[in-house]
Amino acid sequence: MSQAASADLSAFPAAAPAAGRMSSWQNWGTLLVLPYLAVFFVFVLYPVGYGLWLGNDMQSYRELFADDIFWRSVVNTIIFIGVGVNLKLAIALLLSGFFAVPRWWIRVLGLLFILPWAVPSIPTILSFRFMLNPEWGVINQVYYNLTFLDGPNWLNNPVLGLTMSIVVHIWKSLPFWTLILLAGRLAISKEMYEAAAIDGASALQKFRFITWPSMRQLYLTCTILSMFFTLGDFNSVYLLTGGGPADLTHVLATLGIRYIRLDQVDLAMASIICALPLMAPLMVFMMRRLSK
Amino acid sequence: MRNFFTEARLLLVGIPVFLWTMIPLYHLTLFAISPKDTAFKGKLWPDDPTLRNFEMVIQQKHYYLNNFWHQMWNSLVIALAVGFITLFVATAAAFAISRLRVRGGRLIMNLALLTYFVPAAFLALPMYKAMAVYGLLNTQWALIFAMVAIATPYAIWVLKQAGDKLPIELDEAAIIDGATAPQLFRFIFLPLMAPSMVAVGTYALLLAWNEYLYAFLLLSRDVDTTLAVALGAFLSADDSPWELLMTAGLIYALPPAAIYYAFRRYMAADLTSGSVKS
């Protein structure tokens, strides 16, 4: 690289003033961030602004609030996020400890464990859907072989349907968060654990006094980021239950599509905007943390 | 003895984790290798496993699968386009922010984050309306740009973090030699950032390949859509050939898994290191 640089020396004699170079750098910098700014303004900011403008009709909110399905979706969304995010991250935190254990077979298992995250939603969620089929799904067949009773009609029951959507959501996104928390765990210095071992600390004490204090901040960041991702998870509900039975398992992420299908674009936009009060405080909190 | 108990305890976690991860994937595979009428019998292994489903899918011998290869091709082209455009946009921005310290770099990083605070499913509808305004709806560019917009913020974030770790002395030495900004980019930044760029490009490519909702909203004609949308269309029919759907799904899931394993080393290191720092 020095050859290339010195070959060009003649074009930029040493006499070039430093200030000129700095401003030329700023020009290059501006030029290089332009593509991103263009993408951001054209494909994020404008759509969001346009969406807000489209959702600015009070009449559609009145209609939306009169729709029972909307309120049902709000409750479902809160359950989906409350249970989904916390359960997933708690499991991820524990599993990150498991995957940190140095064993060849755990390393191999770690390679397989990532698969749900790497492969597309469509085939895997449909696989769940078929497993849960009441008549010929494998789960009810195993259940029948064990108990000689018919298993539940999993996806035709709103409570079970939503539960299974949460299960699918966790199946899909657990590897990602486990990996993040594993990276956080491996960043903790080994010496602390060694010192604790010398002092005779139990595994639980090590977790409580070393692991958890070191990972608390990361865990909180992950929880909040995961809330945004979970709020935006369309596939787990739509591909498993399609929002059914009788539209009782919709969440806000799938409700918009339901209104679009009913040709009620105003209601779709309004239902999306209704998630804003939930997101705004999280957004401010997250911005502050991440831009530190 | 103590050792034995430790191993037993580890297996007590390991076995459920293995089953939890693999059962849906195994079930998918099982469907794909089962003859039509035995797929529904709930057996753990078919009596007479067959590759007939693969044959049917590969030769497009069902009217649901008339465009299978074409849609596979669409998925590939779109994913590659998203990977390369994301890489181009994000690398340029990360270089400007991290190494040239362009004014307002911090603001741009915050703007980038803003994208993630609008959950994907919520951005989809406004994006759909905006694409209609731009006249891009039902063209593959709509999906490509949508995916680039979603992939770039994380890509910039990861590349900026990696860029900050390069020693500043490298740049200083090059500047003394009279290097210009493009030369710094070409001869110092690019070679050293190559591993991170592989990670980011793979991430964007997988994101686009696996995407369902945006593809389903933004593309409607059979000849334009990706495989994900084509498979989703099976859902709305009553007489769908499920074993073929699962077979096509398995074929569709193989490339991302292969790509992930090929570039795993880069992905694990770069995509997570950026996140832990915060």
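Small disclaimer: the values here were computed from a predicted structure and weren't measured. Here, residues in each chain are numbered from 1, in the same order as that chain's written sequence. Whichever chain is written first becomes A and whichever ligand is written first becomes 1, with later ones labelled in order. This being a predicted model, a pLDDT of at least 70 is required before a residue's local features are given, and a value of 80 or more before pairs of side-chain atoms are given or counted; all residues contribute to the totals for chains, interfaces and linings. By convention in this description, side-chain values take in all heavy atoms of the structure and omit both hydrogens and water.

(A) Region of the structure containing the overall build of chain A. We count a stretch as a helix when DSSP gives it H or I for four or more residues in a row; a strand needs E for two or more, and each element gets its number in order from the N terminus. Of the regular secondary structure elements, chain A holds 15 helices and 0 strands. Note that the radius of gyration is over C-alpha atoms, with the globule rule given as 2.2 Å times the number of residues to the power 0.38. On C-alpha atoms alone, chain A measures out to a radius of gyration of 26 Å, which is more than a quarter above the 19 Å that the 2.2 N^0.38 rule sets for 292 residues. C-alpha extents for chain A along the principal axes are approximately 90 × 65 × 35 Å. When accessible area is computed with a 1.4 Å probe and restricted to protein chains, residues below 20% of their type maximum are described as buried, those above 50% as exposed, and intermediate ones as partly exposed. When burial is assessed residue by residue, chain A has 49% of its 292 residues classed as buried. Residues are treated as being in contact if the distance between any of their heavy atoms lies within 4.5 Å. Put simply, of all contacts in chain A between residues at least 6 apart along the chain, 71% involve residues at least 24 apart. Total accessible area on chain A is roughly 14000 Å²; 67% of this is exposed by carbon and sulfur atoms. The convention is simple: Lys and Arg are positive, Asp and Glu are negative, and His and the chain ends are not counted. Taken as the charge centre is NZ of Lys, CZ of Arg, CG of Asp or CD of Glu, depending on the residue. Between the centroid of the 18 positive side chains of chain A and the centroid of its 14 negative side chains there is a distance of 13 Å. Each accessible area is a Shrake-Rupley estimate made with a 1.4 Å probe; only the visible protein chains count as cover when residues are assessed.

(B) Here's a closer look at the packing of aromatic side chains. Only Phe, Tyr and Trp rings take part, Trp by its six-membered ring, and two of them pair if their centres are within 6.5 Å. Stacked means planes under 30 degrees apart, edge-to-face means over 60, and tilted covers everything else. According to the stated counting rule, one finds 37 aromatic pairs over all chains in the structure shown. Ring geometry for F99 of chain A versus F113 of chain A: centroids 4.9 Å apart, planes at 35 degrees, classification tilted. You can see F99 of chain A sitting in helix α4 (residues 68-99) and its partner F113 of chain A sitting in helix α5 (residues 104-113), a full 14 residues away along the chain. When the ring of W212 of chain A is compared with that of Y219 of chain A, the centres are 5.3 Å apart and the planes differ by 70 degrees; the resulting orientation is edge-to-face. A network of ring pairs unites the aromatic residues F43, Y46, Y50 and W53 of chain A together with Y134, W141 and F145 of chain B as a single cluster.

(C) Molecular detail of the confidence of the model for chain A. All names here are of chain A. A residue's pLDDT is the confidence the predictor assigns to it, expressed on a 0 to 100 scale. When the pLDDT values of chain A are averaged, the result is 86; 91% of them are 70 or greater. Within chain A, no element has a lower average pLDDT than helix α1 (residues 2-7), which sits at 40, and none a higher one than α4, at 95. Throughout residues 1-17 the model reports pLDDT below 50, and contacts reaching past four residues in sequence, or to other chains, amount to 12 contacts.

(D) Representation of the interface of chain B and chain A within the structure. Chain B puts 101 residues into the contact, and the matching count from chain A is 95 residues. Buried area, as used here, totals the accessible surface that two parts lose on assembly, with accessibility defined by a 1.4 Å probe and the loss added over both. Where chain B abuts chain A, roughly 9000 Å² becomes buried across the two surfaces, and 79% of that area is made up of carbon and sulfur atoms. It is W20, F117 and F122 of chain B that lose the most area in chain B upon contact with chain A, and together they represent 9% of the buried surface on that side. We define a salt bridge as a contact between a side-chain nitrogen of Lys or Arg and a carboxyl oxygen of Asp or Glu at a distance within 4 Å. Put simply, chain B and chain A have 1 salt bridge between them. Between R103 of chain A and E7 of chain B there is a salt bridge, with the nearest N and O atoms lying 2.6 Å from each other. Pairing of N or O atoms within 3.5 Å defines a polar contact, subject to two protein rules: one partner must be a possible hydrogen donor and the other a possible acceptor, and residues neighboring in sequence count only if both atoms are side-chain atoms. The tally of links between chain B and chain A comes to 9 residue pairs in polar contact (both at pLDDT 80 or more). With 17 residues, helix α1 (residues 2-32) of chain B is the largest single contributor of residues to the side of chain B that touches chain A. Here the side of chain B that touches chain A is composed, by residue class, of 75 nonpolar, 17 polar and 9 charged. Only Asp, Glu, Lys and Arg are considered charged, only Ala, Val, Leu, Ile, Met, Phe, Trp, Tyr, Cys and Pro nonpolar, and every remaining residue, Gly among them, polar.

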